[in-house]
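Understanding the architecture of this molecule
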Amino acid sequence: MELKNKIWMTGNLDWFAYVGEEEMFLGRREVPSPLDEGDAWVNEIGDSFKVEEGEIKYLGRVEPPQKFW
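Throughout what follows, the structure given in this document is the object of discussion.

Calculation notes
- Residues numbered from 1 in each chain as written.
- Predicted model: local features only at pLDDT ≥ 70, side-chain atom pairs only at ≥ 80, totals over all residues.
- Heavy atoms only, no water.
- Helix = DSSP H or I, 4+ residues; strand = E, 2+ residues; numbered from the N terminus.
- Contact = heavy atoms within 4.5 Å.
- Pairing = 2+ DSSP bridges.
- Axes fitted to C-alpha atoms, helices over the stretch in contact; angles between N-to-C directions.

Moving on: the side chain of Asn-43. Inspection of the secondary structure puts Asn-43 in the loop between strand 4 (40–42) and strand 5 (47–52). For Asn-43, the contacting residues outside a window of four places in its chain are Phe-25, Leu-26, Gly-27, Glu-30, Phe-49 and Pro-65.

For the rest of this paragraph, the subject is the environment of Ala-40. With respect to the helices and strands, the residue Ala-40 is situated in strand 4. Between the C-alpha atoms of Ala-40 and Leu-59, which are 19 residues apart in sequence, the distance is 9.6 Å.

For the rest of this paragraph, the subject is the sheet that holds strand 6 (residues 55–61). If you walk across this open sheet you meet the three strands as 4-5-6, and the pairing is antiparallel. Among the strands making up the open sheet, the edge pair consists of strand 4 and strand 6. Ignoring strand direction, the axes of neighbouring strands in this sheet form an average angle of 20°. Both strand 5 and strand 6 contribute to a ladder of six bridges, which runs antiparallel. Residue pairing in the sheet places Ser-48 in a bridge with Gly-60 of strand 6.

Relative to the helices and strands, Trp-8 resides in strand 1 (residues 7–9). Between the C-alpha atom of Trp-8 and that of Tyr-18, which follows or precedes it by ten residues, the distance is 9.3 Å.

Right, let's talk about the sheet that holds strand 3 (residues 22–27) for a bit. With respect to topology, three strands assemble into an open sheet ordered 1-2-3, the strand pairing being antiparallel. In this open sheet, the two strands that pair with only one neighbour each are strand 1 and strand 3. Averaged over all neighbouring strand pairs, the angle between strand axes comes to 30°, with direction disregarded. By the bridge criterion, five bridges tie strand 2 (residues 15–19) to strand 3 in an arrangement that is antiparallel. Counted as the bridge partner of Tyr-18 is Glu-23 from strand 3.

Written as structure tokens, this is what we have:
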């Protein structure tokens, strides 16, 4: 599957992408790799994303996942 979004990883292993015309933080380890149609995740700050029709879509802000140490 080819993504329509421009996506990149920083040296800190943070994933970013242009969603529409806005640069957004996708997450770290919570981002599925490789991305495939139908994949969905919530990053550590509560932003929810889903891959639909080869494009990463921002679904909105939800309750951030709890961290168990």
